[in-house]
Structures are given as C-alpha cells and as structure tokens.
Amino acid sequence: MQELAADIKEKVKQRYGEIALTGNSDCCCVPCECSDQGSSPIEAATVIGYDTKELESIPKPSILGVSCGAPVNHAQIREGETVVDLGSGAGIDVFLSANKIKESGKVIGIDMTDEMLEKAKKVAKDNGYTNVEFRKGDIERRIPIDDNTADLVISNCVINLTTDKVNTFREIYRILKQDQGRMVISDLVTDKEVQSDSIDSEKWCSCIDGALTKENYLNSIRNAGFTNIEVLDDKRYIEVDQVNDSRKISSLVIKAIKE
C-alpha cells in the first residue's frame, strides 16, 4: 500500500501540474452537467455554487474549474481572520477569501504542485494582493503552518486525493486555533468504496477511487479529534459506470469546530 500511495501522489502532482499549465481540458473533478456540456471553468464554478459577481472580483486565471463545491459560501469569513486553504491550486478560494478578510487578515494557500504554486504566486503579484501567501506542503504529512494559527481552514475537492485522510484531518486540527477554530470543506464521497486491489491511479486523480463513503469520511474527521461536525450540503455530483460496477459520487460541504 505504501508503494501505491507514493505512486498515487506522483500521479496527482503530474495531473494537476498539467492543469496549471494547460487548463482543465480533461474535465477533471467537475460535475456531470459540466463534463457533458464542455463548460468553461467559470461556468463550471457557477454550477457548483460560486457567485458570478464574486468570481468577477478575482483574477480570471485563478479559476480552473477544478472543484466540487464552494466552501467560502458557508465559511462566514470575517475581516481580520487568518484563513488557510489546503490544495489551493491557482488560488480561486484564496483570492475570494482575501477580499473578505481585508488587509488586517491573511490567507495562506498550501499546495504540493510546483506549477500550481508558481501560477498562483504570479496571479497574486500581477494583481497586487498583499494579504495572501502561497506555501508548498504535503497536507497529509505536515502542513507548513504553526499550531493554533488558523481561524479557518478551507479545502475544495482535495482531501479525497490524499491516501491518509485521518492524518490530514489531524493536521487541520493541529493548525486550527483552540476553541472555535473551524474547518469548512467541500469534498466528494461515494456510495461504494473501491477495494485496494482495484484502485486505478488515474481515477484516483479524477477524485473517484480515493473517495470514501459518507460514514467513513465523517469518521475520519472524528478520529482526528473533531466532535462538533455538521454536514451543510449534500448533493449528487456524478455517476461512474464501469463493467459490473456502478458508483454514485456525491458532493458534501462539511463544517467542524475545534473545541
């Protein structure tokens, strides 16, 4: 399993590095309405819940259409807060959050893909953002943030790509501020998990084979130390048809508080 996990991580880096350079032409991690219709990244973002006017307020190159929800809609981001975005990509949620926390706050984007980090840093510099920062990090090993730092951790269709989800949630718990530090994430779950001997690394990169059931996903959060957990949204995302196999993939928005 260790060798498989390493292979998956390298495939994920390669896939999202290519998306950073060329765009999401393979419709990776987009809802069925978009993959069927060949929608643009902005259209894909609005389908999953982003507000068109808010998207117009951030740099267009930050919008890649690689997401499964809009966690910023549910996060109640306040001026002056410290926000951490895990798997920040080209920066869509970082820049949306930056507009809300103003100059007295800070948003830190974490990504393990060099091409994404380079793209996001360029977008920030070209557009004069002074309250954002992008750092390289492996979120399931060690998030490069000090303990008890973040008021809010957000993530959008990223944790399902990790192979050690419990440790990822432990890392989130570690960096959140004690007492009311909160996590608001969008992610994908399945009605039937794939067995380890049937894992396809390409489907893992497409946010399918790494998906847990809703029950197991929520248990992973509990096992990391969170007790106050709430599902804010739950809706159908895609259906995966395979030989003698059919899986339903749903998108969740989950909130958990560090107490």
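Residues numbered from 1 in each chain as written. Predicted model: local features only at pLDDT ≥ 70, side-chain atom pairs only at ≥ 80, totals over all residues. Heavy atoms only, no water.

### Looking at the overall build of the chain
Now for step 1: When helices and strands are counted, the chain shows 9 helices and 8 strands.
Now for step 2: Seen along its three principal axes, the alpha-carbon backbone of the chain occupies a region of about 55 × 40 × 30 Å.
Now for step 3: For the chain, with 259 residues in total, the buried portion stands at 53%.
Now for step 4: Summarising the internal contacts of the chain: among those between residues at least 6 apart in sequence, 73% fall at separations of at least 24.
Now for step 5: Taken as a whole, the chain presents about 11,700 Å² of accessible surface, with 43% of it coming from carbon and sulfur.
Now for step 6: Side chains of the chain give 33 positive and 45 negative charges; the mean places of these two sets differ by 3 Å. (Helix = DSSP H or I, 4+ residues; strand = E, 2+ residues; numbered from the N terminus. Buried < 20%, exposed > 50% of the residue type's maximum accessible area, 1.4 Å probe, protein only. Contact = heavy atoms within 4.5 Å. Areas by Shrake-Rupley, 256 points an atom, 1.4 Å probe, with all protein chains shown as cover. Lys, Arg positive; Asp, Glu negative; His and termini not counted. Charge placed at Lys NZ, Arg CZ, Asp CG, Glu CD.)

### Here's the deal with the packing of helix 7 (residues 165-175) against helix 9 (residues 214-223)
Now for step 1: Axis separation between helix 7 and helix 9 bottoms out at 8 Å; the angle between their running directions is 45 degrees. The angle between helix 7 and helix 9 falls in the class oblique. When the axes of helix 7 and helix 9 are compared, the crossing they make is right-handed. For the pair helix 7 and helix 9, contact is made by Lys 165, Val 166, Phe 169 and Arg 170 and by Tyr 217, Ser 220, Ile 221 and Asn 223, respectively.
Now for step 2: For the contact of helix 7 with helix 9, the per-class residue count stands at 4 nonpolar, 2 polar and 2 charged. (Axes fitted to C-alpha atoms, helices over the stretch in contact; angles between N-to-C directions. Parallel < 35°, antiparallel > 145°, perpendicular 65-115°, else oblique. Left-handed = near helix turned anticlockwise from the far one by under 90°. Nonpolar A, V, L, I, M, F, W, Y, C, P; charged D, E, K, R; others polar.)

### Let's talk about helix 6 (residues 114-126)
Now for step 1: Across its 13 residues, helix 6 extends 18 Å between first and last C-alpha, which sits within 8% of the 18 Å expected from 1.5 Å per residue.
Now for step 2: Restricting attention to buried positions, one finds in helix 6 the residues Met 116, Leu 117, Ala 120, Val 123 and Ala 124. Here the buried residues of helix 6 occupy an arc of 130 degrees about the axis, which is enough to place them on one side. Exposed side of helix 6, more than 90 degrees from the buried face: Glu 118, Lys 122, Lys 125 and Asp 126 are the residues found there.
Now for step 3: One or two steps after helix 6, the chain reaches Gly 128, where phi turns positive at roughly 70 degrees. (Expected span 1.5 Å × (residues − 1). Arc of directions from axis to C-beta.)

### Concerning the packing of aromatic side chains
Now for step 1: This structure, assessed with the given rule, holds 4 aromatic pairs.
Now for step 2: A ring pair is formed by Phe 95 and Tyr 129, whose centres lie 4.6 Å apart and whose planes are at 45 degrees; its orientation type is tilted. Here Tyr 129 lies in the loop between helix 6 and strand 3 (132-136) and Phe 95 lies in helix 5 (residues 92-101), a separation of 34 residues in the sequence. Neither residue differs from the other here; Phe 95 and Tyr 129 are each classed as buried.
Now for step 3: Ring geometry for Tyr 173 against Phe 226: centres 5.0 Å apart, planes inclined by 85 degrees, an arrangement best described as edge-to-face. With Tyr 173 in helix 7 and Phe 226 in the loop between helix 9 and strand 7 (228-242), this residue pair connects regions lying 53 residues apart in the sequence.
Now for step 4: Relative accessible area serves as the criterion here: at 1%, Phe 226 is assigned to the buried category.
Now for step 5: A connected cluster of aromatic rings, assembled from ring pairs, spans Phe 95, Tyr 129 and Phe 134.
Now for step 6: Looking at Lys 258, its charged tip hangs above the ring of Tyr 173, at a distance of 4.9 Å from the centre. (Phe/Tyr/Trp six-rings, centres within 6.5 Å; stacked < 30°, edge-to-face > 60°. Lys NZ or Arg CZ within 6 Å of the ring centre and 35° of its normal.)

### Considering the side chain of Ser 62
Now for step 1: Structurally, Ser 62 is set in the loop between helix 4 (52-56) and strand 1 (82-86).
Now for step 2: Judged by its relative accessible area of 2%, Ser 62 falls in the buried class.
Now for step 3: Those residues in contact with Ser 62, other than ones at most four positions away along the chain, are Ala 90, Gly 91, Ile 92 and Phe 95.

### Some points on the nonpolar core
Now for step 1: With 50 residues, the main nonpolar core has Tyr 50, Ile 58, Phe 95, Val 132 and Phe 134 as its most contacted residues.
Now for step 2: Of all the elements, helix 5 adds the most residues to this core, at 6 residues.
Now for step 3: For Val 132, the residues in contact, after removing those within four places along its chain, are Val 94, Phe 95, Ala 98, Val 107 and Ala 124. (Core = buried A, V, L, I, M, F, W, Y, C linked by side-chain atoms within 4.5 Å.)

### A look at unusual backbone geometry
Now for step 1: The backbone of Cys 157 shows a phi angle near 60 degrees, a positive value even though the residue is not glycine.
Now for step 2: With respect to the helices, strands and loops of the structure, Cys 157 is situated in the loop between strand 4 (152-156) and helix 7.
Now for step 3: Backbone geometry places Asp 179, a non-glycine residue, at a positive phi of 70 degrees.

### Section: the confidence of the model for the chain
Low pLDDT marks stretches whose predicted atomic positions should not be read closely.
Now for step 1: Here the chain averages 89 in pLDDT, while 90% of its residues score no lower than 70.
Now for step 2: Below a pLDDT of 50 lies the segment residues 32-38, which in the model reaches 10 contacts outside its immediate sequence neighbourhood of four places, other chains included. (pLDDT = per-residue confidence, 0-100.)

### Quick notes on the environment of Gly 80
Now for step 1: With respect to the helices and strands, Gly 80 occurs in the loop between helix 4 and strand 1.
Now for step 2: Between the alpha carbons of Gly 80 and Ser 40 there is a distance of 33 Å; along the sequence they are 40 residues apart.
Now for step 3: Discounting chain neighbours no more than four positions away, the residues touching Gly 80 are Ile 101, Ser 104 and Gly 105.

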